[in-house]
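Fold and contact review
Each chain, letter by letter, is given below.
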Amino acid sequence: MQADGFEGRQAWVVARREASAAPVLRALSDVFASVSNATSEDALGSRPPKEAKRGVTFVLCEGDDDDEALRDIASALHAAPLVAVGVGRDVQWVARALARGAHACVLCDGAPDSEQLLVGAEQAFGIAAHRRGSRRMVEELHSSVGELSRRIDHLSSELARLEVMAWTDSLTGLANRRQLEQRLPQVFAEAARYERDISCLMIDLDGFKQVNDELGHGAGDELLRLAARVIVEETRASDICARFGGDEFVVVMPETSASMAGMVANRLMHAFEDAARAWIAAGEDDGEACSARCSMSIGVGCLASSHPKDAAEMLSHADSALYAAKRSGKRAVMIKTAGGGSVGLTA
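In this text the structure is predicted, and so the values were computed from the model without any measurement.

On to the pattern of salt bridges. Where charged atoms of side chains with opposite charge meet at close range, the side chains can pair. Scanning all chains against the criterion turns up 14 salt bridges. The closest approach of N and O atoms between Lys309 and Glu313, which form a salt bridge, is 3.5 Å. Owing to a relative accessible area of 63%, Lys309 belongs among the exposed residues under this scheme. For Glu313, a relative accessible area of 23% puts it in the partly exposed group. Bridged by salt links that share partners, the residues Glu147, Arg150 and Arg151 form one connected network.

Turning our eyes to something else, we now look at the side chain of Asp204. Residue position: Asp204 is located in strand β6 (residues 198–206). Discounting chain neighbours no more than four positions away, the residues touching Asp204 are Asp247, Glu248, Ser295, Met296, Ser297, Leu322 and Lys326.

Using the criterion set out here, one finds zero aromatic pairs in the structure. Of note, Arg177 hangs over the ring of Phe244, and the distance from its end group to the ring centre comes to 3.9 Å. The side chain of Arg178 reaches across the aromatic face of Trp167, ending 5.1 Å from its centre.

With that settled, consider the environment of Ser297. Along the chain, Ser297 turns up in strand β9 (residues 295–302). The sequence separation of Ser297 and Ala265 amounts to 32 residues, and the corresponding C-alpha distance is 9.1 Å. Polar contacts involving the side chain of Ser297 include one to the side chain of Asp206, which spans 3.0 Å.

The next thing to look at is the sheet that holds strand β3 (residues 56–61). Strand order across the open sheet formed by five strands is β2-β1-β3-β4-β5, with parallel pairing between neighbours. Since the sheet does not close on itself, it has two edges, and those belong to β2 (34–39) and β5 (104–108), each with one partner. Across the sheet, the axes of successive neighbouring strands diverge by a mean angle of 20°, strand direction being ignored. Where strand β1 (residues 10–15) lies against β3, four bridges are found, and the strand directions are parallel. Note that in β3 the partner of Val13 across the bridge is Phe58. Strands β1, β3 and β4 (82–87) of the sheet are contacted by helix α4 (residues 64–77), whose axis makes an angle of about 165° with β3.

Reading guide: rules and limits
- Residues numbered from 1 in each chain as written.
- Predicted model: local features only at pLDDT ≥ 70, side-chain atom pairs only at ≥ 80, totals over all residues.
- Heavy atoms only, no water.
- Salt bridge = Lys/Arg side-chain N within 4 Å of Asp/Glu carboxyl O.
- Buried < 20%, exposed > 50% of the residue type's maximum accessible area, 1.4 Å probe, protein only.
- Helix = DSSP H or I, 4+ residues; strand = E, 2+ residues; numbered from the N terminus.
- Contact = heavy atoms within 4.5 Å.
- Phe/Tyr/Trp six-rings, centres within 6.5 Å; stacked < 30°, edge-to-face > 60°.
- Lys NZ or Arg CZ within 6 Å of the ring centre and 35° of its normal.
- Polar contact = N/O pair within 3.5 Å; in protein donor to acceptor, adjacent residues only side chain to side chain.
- Pairing = 2+ DSSP bridges.
- Axes fitted to C-alpha atoms, helices over the stretch in contact; angles between N-to-C directions.

Rendered as structure tokens:
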């Protein structure tokens, strides 16, 4: 940077003694737009003037006290260009001065000449600008990382929401058929591997079509949601409760024998009848009469009883038993047997 490159710039000279600052002030007066000075005590006891932060500050360091003051002056300047002028100091002092916040150093035995000071100012301006740019880059990087982190959190939330949508029946909140077909083979294979029993209920709502015909599809949806609530309430958290399609539901019950599954199915059927009866009665009170008698027909397939070779066949056995329950007059629970037939439970 040439001398005329400092046009419009200000210089501030800090020295313990005004006599020490005089030659520096003279050397700078023909180069900078304005030059002012202060003692070290004044510089530390008050806020630096505006010209110090817009221009360059020269701190004369003639002793250890000046070195200690250098750090505080550099902090007060908030990274504005600072040149430490070491009078009668050695090269080791330069490292200490830079560590205390100086951007550049000038070594001289007596009064420094203008060329030395200009070189020091040029270096200070360049390094200060570089550091400001680096800090700005770091701040922008932190901001970008923060924004990226927020976007990742948002995308993670959206992904979780989409996964729930992809695996859940939107009407009832139960597992959908896709989730059932994914999980059923896994739990069946685990049961077969460790020689543990597993049962499957296939459920069909009796009277559902009549509710749709008499009260409309909105009421039919309410009945499906009611059935889902009852199924969840009457089964375990470890069971897989799914809407299979239409008014058909499936419950997969690990560690459950055919007789235990039959008892659960019977309890489930009665619980749904009571809930549906109360629901229809509430509708009649609101002027929505319905002659439907809602119940459930349930088929049971079981690993130990019907001996399916895989999960799909166990589901098929439960479906076959369900049709047997339908043929028997509905409102029934039928269990698939090893011989291919189905046996019913007393309702």
